[in-house]
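Take a look at the letters that make up each chain.
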Amino acid sequence: MRKLLTLLTLCITISISTLAQKGSGKVSGQVIDGNTKTIEAATITLLRAKDSSVAKISAANKTGNFVFENVNEGKYLVSITAVGHTKGFSEVFEITPSHTNITLKTIELVPLAKNLTGVTVSAKKPLIEQKIDRMIVNVDASITNVGTSALEVLEKSPGVSIDKDGNISLKGKQGVQIYIDGRPSYLSGPDLANYLRNLSSNQLDQIEIMTNPPAKYDAAGNAGIINIKTKKTKQLGYSGSISSTWSQGRYPKVSESFNFNYRKNKLNLFTTLGYNYRKNWQDLDIQRKFIEHSTKEIKSHYDQESRIKDEGQSYNAKVGFDYFANKKTTFGAVFTGYFNPGLFSNQSDVLISDANHFLLSRTLAKTSNDREWKNFSTNVNFRHLLDTTGQEITADLDYLTYRTTNSQYLVNAYYDPNGIPTDKADTLLGSLPQDINIYSAKVDYTLPLKKGAKFEAGVKTSYVETDNNAIYDSVNYGIRVRDNGRSNHFIYKENVNAAYVNYSRALSKKWFGQFGLRLENTNATGDQVTTGQKFDRHYTQLFPTAFIQYKASDKNSFVLNYGRRIQRPNYQDLNPFILFLDKYTFEQGNPNLQPQFAHNIEFTHSYKGFVNTTLNYTRTTDIINEVLEQNTDRNETYVKKDNIAKQRQYGISVSASGPVKKWWTPNLWTNLYNNQFEGIINGDYVKTGATTLQANLQNQFKLGKTLSAELSGYFNSGGVQGVFRIKSFGMVNMGLSKQVFKGKGTFRLTGRDVFRTQKIKGDIKYSNIDASFQQRRDSRQVALGFTYRFAKGKMNTNQKRKTGGANEEQSRIKTGE
């Protein structure tokens, strides 16, 4: 590890020494329209041929002529955009020491109609795109995404798994950071799942999956980062869309959205409005054996059947603007609001039997949570181009606030085996407010260098404060009495300061390298006001990243990458107080939790960009995992988090996509991996492992000019998630899509989980713990959706809107429910 850090530091040092170098090449040309007339003020962009990244930007003069000077050696092409014309490109050319002056052939742009009123300009995107550092899922490319939620879109994305509690894992590894438009969700656990369930797929554009993000991104996320990008248009003039979907499972669901963008002169305005109504059901059955630790004899059996309903609405809005002060400077701001009222109810039937399954008692429990989520966030951003080579500086300021109220009502009634009440029913009332405030600021600098090299650097600081004040009252003979034994007030504050450098360049004609180093300093304090317990911790860590690409030929290329990642504990998991879940189950935080660290290595081969094969290896230390502790005499179970073990994973994934016939395009992704989990739990040595196969297949069929279909599905053979062993599961989806109104409208009819195979089963067995569960939910649904698109103006391909700088903090919020 020390050798690797030394090598990375040396590479970055050597690379920085080239910052002062300048290119000597010159590129000139002329642009005309289809009538051989010159085009005035066309935007000319010099692109690097290997990845289409921007090298320089210029504008044509009144005669349509343009020139780029001080161009570094390398292969390039030129793209040209002009109002009222289609986009044009030059041929690829190369600047060498012996060939420094390039004169391009005259480029002709095809005129468009005077405006695009009533015309929808759209390009069919592939479902899956594979980039050097990420996989991109285009949401609208899948017909069966209509009427679903963001969580359901993630669930059918390659490599992504969702467990029974809504926790997200990537390629068999937990600890995924979820971003929304490049900014963190600032949520985790049940609250993140609730947010994603109420975010309609109608509002989504892309899912970016990064297993080894570059140094520019926060180091948080043991398994990597998933960035959910919402829809944004790039239209000169105005453009937008209206969508509405009705879904029917056991209960109905409705999602509606409105997107609008207006661009004129120096000002760009945009907004997104959404409404979502969902009612879901879930059946959760749990069986536990209470075992004497010393003798390993079974003392009793615990069987629980829970019937859960969750009904909620969500209203969300985003409003923002970009102001192009001049060709080099852009200011922007985005304001986002989210309101989610909902009602969660659960009826549980708990049977406790002796070792011979002779019924001893029965408990009927009813729980309801009347909740409201309120969120407001704002981002102010700035971008300034320092010169024509692409040197730029950007800055972001973010503020986010969450306000949550949760009124809990829980009643337990106790009976003997004959159904006769044995004790007075107890009633517990809870008020569980949570306030979260997050502040973030960052600055990034980019400097293009000679021969296509690039240097990047940046700094970031964030501050998070969470205030959880859970107040419980018991009801005794109709009188409400404060229950100080269960009430809990916890305040957590955290400051993370970070800085990074990143350097990339072509090492030769076939080799390309990218090296980064990120430093993060963490300062955290926790105050359990109720009990007086406090903690204060500070630590600083380095996170190196490296990407090496070798292009063996036009058909074959190889990429080797490495990254070190961190997963900090969720805020609420540090709260040492005991949270009352039900009569027999409790959850307790752990103020001694330390962050977990992972080393990720991947080696990828790409053949014609059609087949991609990746070998991966991950080693995680101080892994944070749920631990169960049981009180056998009282049939009680305590759930808590601890740094209990290390985990090793190795695997191979293969993806292939492309047309087989003109009317048939399949997309296949498979992942075979082995997880091994090893550590000390409750004083006992535990070692468990399993090999898992994941497969995702999507078939798209072109049935006519305006009619298409999809047949898709995924399969998981089962495996281990920490100490839990999960059995196989999967689902099959199908859908039809019909374009109407000359392409401006689209109807989509889909069926999801048509064979109702999305049933999750698992067990956990170690030490004196022996438990299993089965989960079924409202996964089989039929949906009918309609989208109408409108536009007047011209597509603007040069617009660049900022997404914000608050990254990892948002993904770690976890409120008690």
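Scroll up for the structure.
The sections below set out a description of the structure shown in this document. (Residues numbered from 1 in each chain as written. Predicted model: local features only at pLDDT ≥ 70, side-chain atom pairs only at ≥ 80, totals over all residues. Heavy atoms only, no water.)

Of regular secondary structure, the chain possesses three helices and 48 strands. Here the chain holds 817 residues, and the buried ones make up 54% of them. Counted over contacts in the chain with a minimum sequence separation of 6, partners at least 24 positions apart contribute 68%. In the form shown here, the chain has an accessible surface area of approximately 35,400 Å², with 56% of it arising from carbon and sulfur atoms. (Helix = DSSP H or I, 4+ residues; strand = E, 2+ residues; numbered from the N terminus. Buried < 20%, exposed > 50% of the residue type's maximum accessible area, 1.4 Å probe, protein only. Contact = heavy atoms within 4.5 Å. Areas by Shrake-Rupley, 256 points an atom, 1.4 Å probe, with all protein chains shown as cover.)

On to the pattern of salt bridges, then. What the rule picks out here adds up to 23 salt bridges. Residues Arg 383 and Glu 392 are paired through a salt bridge, measuring 2.9 Å at the closest nitrogen-oxygen approach. Exposure class is identical for Arg 383 and Glu 392. Each is buried. For the salt bridge of Lys 442 with Asp 444, the shortest nitrogen-to-oxygen distance reads 3.4 Å. (Salt bridge = Lys/Arg side-chain N within 4 Å of Asp/Glu carboxyl O.)

Pairing is mixed across the open sheet formed by six strands, whose spatial order is S10-S11-S17-S18-S15-S16. Of all strands in the sheet, those with a lone pairing partner are strand S10 (128–130) and strand S16 (183–184), marking the two edges. Pairing geometry for S10 and strand S11 (residues 135–138), over three bridges, is antiparallel. In the sheet register, Ile 128 faces S11, and the bridge partner there is Val 137. (Pairing = 2+ DSSP bridges.)

Turning our attention to unusual backbone geometry. Positive phi is not limited to glycine here, since Asp 622 has a value of about 55 degrees. Examined against the element boundaries, Asp 622 turns out to sit in strand S37 (residues 611–631). Even without being a glycine, Arg 756 presents a positive backbone phi close to 50 degrees. You can call Arg 756 partly exposed: its relative accessible area is 31%.

Here the focus is a nonpolar patch on the surface. Residues Leu 560, Ile 601, Phe 603, Leu 615, Tyr 617, Tyr 650, Ile 652, Leu 672, Leu 693 and Phe 715 make up a contiguous nonpolar surface patch of about 840 Å² in total accessible area. Among the structural elements, Leu 693 can be located in strand S40 (residues 684–702). The class of Leu 693 is partly exposed, set by a relative accessible area of 36%. (Patch = residues over 30% accessible without salt bridge, like charges linked within 9 Å, V, L, I, M, F, W, Y side chains within 5 Å.)

Counting buried positions along strand S18 (residues 224–230) yields six of seven residues, so the element is predominantly enclosed. Across five bridges, strand S15 (residues 176–180) lies against S18 in parallel orientation. The residue of S18 that forms the bridge with Ile 178 is Ile 226. Note that strand S17 (residues 204–210) and S18 share six bridges and pair antiparallel. Within S18, the position partnered with Met 210 by the bridge is Ile 225.

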